[in-house]
Amino acid sequence: MVRTIFKISLFLFVFIAYQFSMPFDASAAKRSKRKKVKADEEVLSSENGYDCYKNKKGKIVSGKVVVKKKGTFFQVYRLKAKQKKALKRAQKKVKKLNRILNRKGELNAKKQALLERMQSKITNLSAKERANTCTELFEGGNTENPAKPAANFTPYTGKFGIAEAQRLYTRFGYGASRADLNRAVSEGLTATVERLLTWQDEPSVEADALDIQCDEYLEREELYFDDDPDDDNQECNPNDPTDFDSEGFIQGMLYKRQHTSNPVFYRVVDLFHDERMAAQCGAAVDSQYHFRTKHFAFLESVAKAMDYAKYIREVKDDPLVAYLNLDLGENSVFNNLQSPNENFAREWLELATTSPTYKGEAVYTPFDIAQLALALTGKGYNTQPVTVGYEDGEEQTVQLTSAVDVPDAFVGGEKTIFMGTAFQQTIVDDEDAADAILSHPATYYHFAEELLQEFLLPNPSEGSIEVIAADIQKDGGKFKNALRRIMLSQEFFNESNKNSLVKSPMELLIGFLRQTEFPYSVRNLRNNLDDLGFLLCSPGNRNAGQIFGWDNLRTASEAFVIERRNKIIDMMNYERNNLPEEWEYSLYEVFVKDLPESFSPAESLALTTAELMGIELNSRQLEEVVKYLNYNYETCNGNEDDLFGCVEGEKFLKREAFDPSPDAYEHLLEDKVRGLLVLFATSDEYNLR
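Being a predicted model, the structure only gives us computed values, none of them experimental. (Residues numbered from 1 in each chain as written. Predicted model: local features only at pLDDT ≥ 70, side-chain atom pairs only at ≥ 80, totals over all residues. Heavy atoms only, no water.)

Trainee: Would you take a moment to explain the overall build of the protein for this structure?
Mentor: Within the protein, the secondary structure is distributed over 28 helices and 14 strands. Per-residue burial for the protein yields a buried fraction of 52% across its 689 residues. Within the protein, counting contacts between residues at least 6 apart in sequence, those at least 24 apart form 69% of the total. By element, 48% of the accessible surface of the protein is carried by carbon and sulfur atoms, the whole surface being about 32400 Å². (Helix = DSSP H or I, 4+ residues; strand = E, 2+ residues; numbered from the N terminus. Buried < 20%, exposed > 50% of the residue type's maximum accessible area, 1.4 Å probe, protein only. Contact = heavy atoms within 4.5 Å. Areas by Shrake-Rupley, 256 points an atom, 1.4 Å probe, with all protein chains shown as cover.)

Trainee: Where do I start with helix α13 (residues 343–350) in this structure?
Mentor: The α-helix winds at 3.6 residues per turn, so residues separated by three or four positions along the chain end up facing the same way. For α13, the complete set of buried residues consists of Phe-344, Ala-345, Glu-347, Trp-348 and Leu-349. In this structure, the buried residues of α13 make contact with α11 (308–314), α12 (319–325), α14 (366–375) and α15 (430–438).

Trainee: For this particular structure, what's the right way to read the pattern of salt bridges?
Mentor: Think of it this way: side chains of opposite charge can pair up when their charged atoms draw near. Counted according to the given criterion, the structure contains 40 salt bridges. A salt bridge links Glu-466 to Lys-359, with the shortest nitrogen-to-oxygen separation between them at 2.3 Å. With Glu-466 in helix α17 (residues 462–474) and Lys-359 in the loop between β7 (357–358) and β8 (361–362), this pair connects stretches of sequence that are 107 residues apart. Overall, Glu-466 belongs to the buried group, its relative accessible area being 13%. The partner of Glu-624 in a salt bridge is Arg-620, and the shortest N-O contact between them spans 3.4 Å. Highlighted residues: Glu-624 and Arg-620, both in helix α26 (residues 619–630), separated by four residues, approximately one helical turn. Glu-624 gets classed as partly exposed once you look at its relative accessible area, which sits at 34%. Arg-620 gets classed as exposed once you look at its relative accessible area, which sits at 54%. When salt bridges with common partners are traced through the structure, they connect Lys-316, Asp-317, Lys-379, Asp-405, Asp-430 and Glu-431 into a single cluster. (Salt bridge = Lys/Arg side-chain N within 4 Å of Asp/Glu carboxyl O.)

Trainee: Even after reading the chapter, I still don't get helix α8 (residues 246–259), so can you show me in this structure?
Mentor: The end-to-end C-alpha distance of α8, which contains 14 residues, comes to 20 Å, matching closely the 20 Å that a straight helix rising 1.5 Å per residue would cover. Among the 14 residues of α8, eleven are classified as buried, and the element is accordingly described as predominantly covered. Residues of α8 that are buried include every one of Gly-248, Phe-249, Ile-250, Gln-251, Gly-252, Met-253, Leu-254, Tyr-255, Lys-256, Arg-257 and Gln-258, and no others. Considering only its buried residues, α8 is in contact with α7 (203–215), α9 (263–275), α10 (291–305), α20 (505–516) and α21 (522–531). (Expected span 1.5 Å × (residues − 1).)

Trainee: I would appreciate a short explanation of the state of the cysteines in the present structure.
Mentor: Cysteine pairs can be covalently joined through their sulfur atoms, and such a bond is termed a disulfide. Applying the stated criterion across every chain yields a total of three disulfides. Disulfide pairing is shown between Cys-636 and Cys-646; the S-S distance is 1.9 Å. An S-S torsion of about 60° defines the bridge between Cys-636 and Cys-646 as right-handed. Pair noted here: Cys-636 is in the loop between β13 (631–635) and α27 (641–644) and Cys-646 is in the loop between α27 and β14 (651–655), with a separation of ten residues, a long-range link. (Disulfide = S-S within 2.5 Å.)

Trainee: Explanation requested: the packing of aromatic side chains in the structure shown.
Mentor: For any pair of aromatic rings, geometry is given as the distance between the ring centres together with the angle between the planes. Under the criterion given, the structure shown has 23 aromatic pairs. On the numbers, 5.1 Å between centres and 90° between planes, the contact of Phe-518 with Tyr-585 is edge-to-face. You can see Phe-518 sitting in the loop between α20 and α21 and its partner Tyr-585 sitting in the loop between α23 (558–577) and α24 (587–592), a full 67 residues away along the chain. A residue is classified by how much of its surface remains accessible, and Tyr-585, at 18% relative accessible area, is buried. Each member of the aromatic cluster is reached from another via a ring pair, and the members are Tyr-156, Phe-160, Phe-172, Phe-455, Phe-492 and Phe-493. The positively charged end of Arg-167 is found above the aromatic ring belonging to Phe-492, 5.7 Å away from the centroid. Here the guanidinium or amino end of Arg-220 rests over the ring plane of Trp-583, the centre of that ring lying 4.5 Å away. (Phe/Tyr/Trp six-rings, centres within 6.5 Å; stacked < 30°, edge-to-face > 60°. Lys NZ or Arg CZ within 6 Å of the ring centre and 35° of its normal.)

Structure (structure tokens):
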């Protein structure tokens, strides 16, 4: 059902080298005369101050574009051999001096002056070196996979209507109701983005989620859904961190995503839960039961602060991921004849921060992992009884396990990380290690790449990643400004970028609920997501991946196509058969009441519902949808052949037009709306974002 062929813009490409990202300066380069660009020649402009030019013979050169009244002109720059050698010498000197600086912490005045002089020389030369990049890339045999240009991060200034607001909410916030979309259009793009990036306290949603976490039911649901409605709604002991229902905990998190006014923040939580050392909750025993609540509280604190550096520094203290899932708690029991467990050290780099490679070069080696593991020694558990209250005057306790430091098991002394690279550092403990990781550009590059893959492009270019990584590094690891840049960018609103990503099962189902405003049971929602290969607290469950989290392409593959359709249909059947009258949900109020009168009722319903759900209907599709709303495809019986001119036993279109009046028969209003929602929600387009 869901095609995984993305609509990617067909641009010509330019190569942007990270170390040569200064503005173009050709003061010392050999310069050609400006030539007018002809019809059979091409110019590729970049945001980084230089351009690539393909002449009529197909040769690629580099230089600078000049636009005049008489047309476009191109001036070619080339580096001389002597300049190239000077650049390499300067780069080698800087690398050597940086190693000395990392080892000693400071340089004497003479070496510091030399370092500054060489860095200045690299700056001056690197701009000119970039002028040769196009030729080296395109004439060097890499024409099949040329480097792509940076995405267009200039602010979007086009129309911001319902369709654009829906697109923004679908990509960054699960989806939105009609009221949410109208508010966004009224506020405008910039104000909407600022609101979405500003945390709003919502105590009622938090309270409801805690109520569900306790026993899987809201207090008011007890009257309608509990197997024993005469039983009082359960209350959990707020002093006992292990007193909650494991299923209720997952359902409470789903409830927050369904009803929150902070959807962007929960999308960030999901990103960290999925892509950053995916946490598995099932391994926690009774005394560790609370590890799962601590884990998600930690992720929510990171999301609220939008602070990647906070995540890097504090994830080593997360008892669920670091201690339990990745065995950091074992590093208080090894001895001199046994190496410390390296699992967390490895994944701290591979999954959580730098990734194994950076621009084609290895970031770390097994030696670095071993050294990092030594810096992480002295980590263990402490289990003891904790008082949680009194009953009949008697103290009540539970066994509670906590992650703790064990100083006697810590291996002191200096360790070295990123050995033999320009980022080599001497560390002693885990705090030093976090500092070293945060000083490495690969840390920001890796996270920027995943932000872009999650929210903007399936395959972001190196130039695009560099722009976002620079934002995050400049802000000390905070990524609110980077996310704002993505949300406001021309690239995001480009038509070619529409529907370029696949919805996860949670985005699909929760987005459907937020758009339709169904008061759907979170118990059913939890089970539906599990059937679709997606369950919070177990990233990568079933056949959709494991430690690396979920793979959206796999959860949208053939294995789940029928399940996706069935879950949408289940939701509509639930709305029809299971909602208590006291909940007063009305398809008429949500979808029909305010239909515009400029079209026929069926056309208006089709167009407004499609707009709400982000579906674009062409004229033929609209015609077929209207036909569905105004007719039923039935088998002709003996009483109908005279009335409708049909042949008994054969299928025919029976005129039973959609009726928008509030007292219409169910089969002429509610059933028509339900069928339309299923039709749209099971389309290929709706399963993309």
